[in-house]
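Understanding the architecture of this molecule
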Amino acid sequence: MSEQSIKLTVDAVVFGYESIPKISVLLVKRKYDPFQGSWAIPGGFVEDGESLEDAVSRELKEETGVEIGYLEQLYTFGNLDRDPRERIVSVAYFGLVRPDTYKISAASDAQEVSWFDINNLPKLAFDHREILDTAIKRLRAKITYEPIGFELLDERFPFSDLENLYTTLLGREIDRRNFRKKIMGFGMLDELDQKVSKGAGRPANLFQFNKQRYFQLKEEGIVFEI
């Protein structure tokens, strides 16, 4: 029986939400072959004695300058022909952040680093388009059963900002009346005695997250069914 020869890598799909609103993803332009000059998801080889979580955090920091406290494991990609060099299996992770809170800078084997709108992506190296599509599907499925992404809004916000967050992440319109009824029914929002004017309409009340209730709901895995 021949000796097994498989290398292990990690990839980090980092989504960014902006209040424009839009969803973007952080990509790097590869400095070396294979796929030199092509855009790719940040990532690289796992070092001996290194955990997968440490490896993906290190590669993300080295290639983009971005440090994220927590990335969730997405899926393992191991097609035989996914890398032209040798048999390589990749464990992909994903996270959701506000791009304006990070200063990005290319380093290591990355020639450039940039945020790209997920609706206007360049051609990606390896099987990274498949990895990205899988991450988008997971993100959109997850927000229907767990309250994620609320920390991407300002500390005090009109309810319309929360509606825009969900329509953008889901990539479709929502029933705004039912959405408001469901969200308010969870008790995770505190309505403030403050208003804000947006456009020509009436001033809207501001809301603030009840973080204690919010984290309780996350632990319970509450079902939104939006």
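Everything here concerns the structure above.
Residues numbered from 1 in each chain as written. Predicted model: local features only at pLDDT ≥ 70, side-chain atom pairs only at ≥ 80, totals over all residues. Heavy atoms only, no water.

**What to know about the pattern of salt bridges**
Scanning the model with the defined rule gives 17 salt bridges in all. One salt bridge connects Glu72 with Arg138, and the closest N-O pair in it is separated by 3.9 Å. Residue Glu72 is found in strand 5 (residues 72-77), and its partner Arg138 is found in helix 2 (residues 128-142); the two are separated by 66 residues along the sequence. Between Arg176 and Glu173 there is a salt bridge whose closest N-O contact spans 4.0 Å. For Glu173, a relative accessible area of 60% gives the class exposed. Overlapping salt bridges, with partners in common, bring together Glu47, Glu50, Arg58, Glu59 and Glu62 in one network. (Salt bridge = Lys/Arg side-chain N within 4 Å of Asp/Glu carboxyl O. Helix = DSSP H or I, 4+ residues; strand = E, 2+ residues; numbered from the N terminus. Buried < 20%, exposed > 50% of the residue type's maximum accessible area, 1.4 Å probe, protein only.)

**As for the environment of Asn210**
Tracing the chain through its elements places Asn210 in the loop between strand 10 (204-209) and helix 5 (211-220). Each C-alpha atom of the pair Asn210 and Ala55 lies 34 Å from the other, and the pair is 155 residues apart in sequence. Setting aside its immediate chain neighbours within four residues, Asn210 contacts Gly187, Met188, Leu189 and Asp190. (Contact = heavy atoms within 4.5 Å.)

**Details of unusual backbone geometry**
With omega at -5°, the peptide bond leading from Asp33 into Pro34 counts as cis. Secondary-structure assignment places Pro34 in the loop between strand 2 (22-30) and strand 3 (39-40). A positive phi angle, near 55°, is found at Ser108, a position not held by glycine. With respect to the secondary-structure elements, Ser108 resides in the loop between strand 6 (88-97) and strand 7 (110-117). Even without being a glycine, Phe126 presents a positive backbone phi close to 50°. Of note, Phe126 is situated in the loop between strand 7 and helix 2.

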